[in-house]
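Results of the structural survey
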Amino acid sequence: MSKKTFKVGDQVVLIADFMGPNDKLQYINYAAIEDNYCTVVELLPGSPETSVKVKWGVQDYWHSQDTFDASKLMHRKEFEQKYSKLETAYKEVEAQVKDKLKEAGKLIKESNKMAKKLGLESLNEMYDAIDPLYQAMDACGWRTSSFSC
Amino acid sequence: MKKSDAKPGTKVIASICFDDRYGGGEHLGPYKYNEYDENNLVGVIRSKEATPGHVWVKWIEGDFDQEEEEVDLKILMLESDRAQIEKDFKQVSKEIKDKMKEAAKIVNEAGKLARSVHSTLQEMYDATNPLVDAMDNNGWHSSSWNC
């Protein structure tokens, strides 16, 4: 996107926080989108030729201004349309994940009952048995090394 | 064990239990199988008269503090049942292990789904609640998972 697409007064969004590793827009769970809203106040001439000066559009930063490369900005309407689609896709996946993890939770509950019948305090005493679950959780972003803190 | 089984000379088993995971609050409890036979005791019932519901046991195997003590019959099991207890434990352990493998498979699948929208399970707080709650309710402490 070049600065030619912007004009003074445009409502824009700083999209840097929403860019994925593949340089595509991505939905960020619980992100405060409003913190990235701003208004174009000046199109800077010369070098860097794509620079746009913006005024932040949230109360905390209302009077502060920053200059960004135009590629880091997107029109608010365009952003909201694209982001809304991404959010819908994310929520669909989130619902599928929840269903799956309900099933995993059920298996843990059943296993804990069985462990108690064996005279154990709880399932987490069965180190060998729970190892596959720990490995899976580690691979999915948790830190199981601190589970027994 | 049944009172009728508690004859002098009968071999019995029990385990040393702890009130916390740091080894505090040691007390005698029902026998628990474990691979290394840790904290397990084998004893012999003595003929010495005991209070109702109890017997005197002389410990002959294990890391015992007192060589002889009065023990509640509810805690004791017959040493002759030990092989069956071990067999049952291994059978149930296998079933639990299978269930945990299945749970792990599901978590991995859920992780793949999360990655498909450039997220991780840890970031999907609402979706992971059923798993976290299940673990909290079954012996884990999720409050320290991010230590």
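Residues numbered from 1 in each chain as written. Chains lettered and ligands numbered in written order. Predicted model: local features only at pLDDT ≥ 70, side-chain atom pairs only at ≥ 80, totals over all residues.

**Description of the overall build of chain A**
We apply this condition: Strands here mean DSSP runs of E at least two residues long; helices mean DSSP runs of H or I at least four residues long; both are numbered from the N terminus. For every residue pair, C-beta atoms are placed from the backbone, and the pair is scored as a contact if these atoms sit within 7 Å.
On a plain count of helices and strands, chain A comes out with two helices and five strands. If you list the helices and strands of chain A from N to C, you get β-β-β-β-β-α-α. The long-range share in chain A, meaning contacts at least 24 apart out of those at least 6 apart in sequence, stands at 48%.

**Notes on the environment of A129(A)**
Here A129(A) is to be found in helix α2 (residues 127-139). Residues A129(A) and S111(A), spaced 18 residues apart in sequence, show a C-alpha to C-alpha distance of 9.8 Å. Apart from residues lying up to four places away in sequence, A129(A) is in contact with S93(B), I96(B), K97(B) and M100(B).

**So, the domain arrangement of chain B**
The following threshold applies: Segmentation into domains, and thus their bounds, comes from an automatic or database assignment.
Domain parsing of chain B yields domain 1 (3-80) and domain 2 (83-139). Using C-alpha coordinates to define each centre, domain 1 of chain B is positioned 35 Å away from domain 2 of chain B.

**Quick notes on the sheet that holds strand β1 (residues 11-14) of chain A**
Residue and element names in this part refer to chain A. Our working rule: A pair of strands counts as paired when DSSP detects no fewer than two bridges linking them. As a rule, the C-alpha atoms of each element are fitted with a line to give its axis, helices using only the stretch in contact, and angles between N-to-C directions run from 0 to 180 degrees.
The five strands are arranged β4-β3-β2-β1-β5 in an open sheet whose pairing can be described as antiparallel. Where the open sheet ends on each side, the last strands, each with one partner, are β4 (65-69) and β5 (73-75). Neighbour-to-neighbour, the strand axes of the sheet open up by a mean angle of 45°, direction not taken into account. When β1 meets β5, the two strands line up antiparallel, connected through three bridges. Its bridge partner lying in β5, V12 is registered against H75. Sheet strands touched by helix α1 (residues 76-117): β1, β2 (37-43) and β5. Its angle to β5, the strand with the most contacts, is close to 90°.

**Some points on the pairing of β2(A)**
All names here are of chain A. Here three bridges tie β1 to β2, and the two strands are oriented antiparallel to one another. In the strand pairing of β2, Q11 is matched with T39. Bridge count between β2 and strand β3 (residues 51-56): five bridges; the pairing is antiparallel. Bridging from a neighbouring strand, L43 pairs with V52 of β3.

**Considering the packing of α1(A) against helix α2 (residues 125-136) of chain B**
Cut-off, in case you're wondering: Working rule for angles: under 35 degrees goes down as roughly parallel, over 145 as roughly antiparallel, 65 to 115 as roughly perpendicular, anything else as oblique. Gly is put with the polar residues, along with every residue not named as nonpolar or charged; the nonpolar set is Ala, Val, Leu, Ile, Met, Phe, Trp, Tyr, Cys and Pro, and the charged set is Asp, Glu, Lys and Arg.
Running from N to C, α1(A) and α2(B) point in directions that differ by 5°, and their axes come no closer than 7 Å. With respect to α2(B), the axis of α1(A) lies roughly parallel. On the side of α1(A), the interface is formed by E94(A), V97(A), K98(A), L101(A), K102(A), A104(A), G105(A), I108(A) and K109(A), while α2(B) contributes D126(B), A127(B), T128(B), P130(B), L131(B), D133(B), A134(B) and M135(B). Partitioned by chemical class, the residues of the contact of α1(A) with α2(B) number nine nonpolar, two polar and six charged.

**Thoughts on the interface of chain B and chain A**
If you look at the interface, chain B gives 47 residues, while chain A gives 49 residues. If you list the elements that add at least two residues to the side of chain B that touches chain A, you get α1 (82-116) and α2 of chain B. Its residues assigned to classes, the side of chain B that touches chain A comprises 23 nonpolar, 14 polar and ten charged.

**Focus: α1(A)**
Here is the rule: Working rule for helices: expected span equals 1.5 Å times residues minus one.
End to end, α1(A) covers 59 Å across 42 residues, agreeing with the expected 62 Å (1.5 Å per residue, within 8%). Where α1(A) ends, the next residue or the one after it, G119(A), has phi of about 95°, a positive value.

**Remarks on the domain arrangement of chain A**
Each assigned domain of chain A is listed with its residue range as follows: domain 1 (3-76) and domain 2 (85-141). On a C-alpha basis, the centroid separation for the pair domain 1 of chain A and domain 2 of chain A is 41 Å.

**Details of the packing of α1(A) against α1(B)**
Quick reminder of the rule: Take the far helix as your reference; a near helix turned counterclockwise from it by less than a right angle gives a left-handed crossing, and one turned clockwise gives a right-handed crossing.
Relative orientation of the contacting elements α1(A) and α1(B) amounts to 165°, with a least axis distance of 9 Å. On the basis of the axis angle, α1(A) is roughly antiparallel to α1(B). α1(B) is crossed by α1(A), and the crossing has left-handed handedness.

**A closer look at the nonpolar core**
The following threshold applies: Note on definitions: a nonpolar core is a set of buried residues drawn from Ala, Val, Leu, Ile, Met, Phe, Trp, Tyr and Cys, linked by C-beta atoms within 7 Å. Partly exposed residues are those whose C-beta has more than 12 but fewer than 20 other C-beta atoms within 10 Å; with 20 or more the residue is buried, with 12 or fewer it is exposed, and the C-beta atoms are placed from the backbone.
Of all hydrophobic cores here, the largest spans 47 residues; its most connected members are V97(A), A104(A), L133(A), A103(B), V107(B), A110(B) and A114(B). Among the elements of the structure, β1, β2, β3, β5, α1 and α2 of chain A together with α1 and α2 of chain B are those that each provide at least two residues to this core. Of all the elements, α1(A) adds the most residues to this core, at ten residues. Not counting residues up to four positions away in its chain, the partners in contact with V107(B) are A104(A), L133(A), A136(A), M137(A) and C140(A). By size, the runner-up hydrophobic cluster in this structure holds eleven residues, among which are A14(B), Y31(B), L41(B) and V57(B).

**Digging into the environment of I15(A)**
Residues and elements named next belong to chain A. Assignment of secondary structure puts I15 in the loop between β1 and β2. A tally of 19 C-beta atoms within 10 Å means that I15 is categorised as partly exposed. Expressed as a C-alpha distance, the spacing of I15 and E87, which sit 72 residues apart in the sequence, is 15 Å.

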